[in-house]
Amino acid sequence: MKIAEWLDEKEAEHIDVSHLELPADLAYDDSPDETLYFKEINPCGLLCTENHPFATVERFKHWYRARGQDKGSGVHSATMPWSLFTKDNDLALKTAKAHIE
């Protein structure tokens, strides 16, 4: 099953999908059709492998997943992760940009 199909099923069950956690197998097996936005705050440089605040928007057919780690969590922190599933491209992009800027 693909992420878009799973979200469609949950929506048909009248479940609010906006903040659902993906099952591990779906998150691992399905890749986005396209990445619309990505920004990372990495003052350390390319070689640093620690956590950094980021925001991304990915498209899975007609669904958009905005996700990331808040800028307020600071560099090298794994706190304050967020995610949003929506069919609204503009909402996904605005949400991602608001979390990282």
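Residues numbered from 1 in each chain as written. Predicted model: local features only at pLDDT ≥ 70, side-chain atom pairs only at ≥ 80, totals over all residues. Heavy atoms only, no water.

Peer 1: What exactly am I supposed to notice about the environment of Glu 40 here?
Peer 2: Relative to the helices and strands, Glu 40 resides in strand β1 (residues 34-40). Considering only alpha carbons, one finds Glu 40 and Gln 69, 29 residues apart in sequence, at a separation of 9.3 Å. Excluding residues that lie within four positions of it along the chain, Glu 40 makes contacts with His 52, Pro 53 and Phe 54. (Helix = DSSP H or I, 4+ residues; strand = E, 2+ residues; numbered from the N terminus. Contact = heavy atoms within 4.5 Å.)

Peer 1: Could you clarify how one ought to interpret the sheet that holds strand β4 (residues 81-86) in this entry?
Peer 2: Hydrogen bonds between backbone atoms are what pair the strands of a sheet, whose relative direction is either parallel or antiparallel. Taken together, the 4 strands give an open sheet; going across it, the order is β1-β2-β3-β4, and neighbouring strands pair in antiparallel fashion. In this open sheet, the two strands that pair with only one neighbour each are β1 and β4. Each neighbouring strand pair of the sheet contributes to a mean axis angle of 10 degrees, computed without reference to strand direction. Bridge count between strand β2 (residues 54-60) and strand β3 (residues 63-69): 7 bridges; the pairing is antiparallel. Within β3, the position partnered with Arg 59 by the bridge is Tyr 64. (Pairing = 2+ DSSP bridges. Axes fitted to C-alpha atoms, helices over the stretch in contact; angles between N-to-C directions.)

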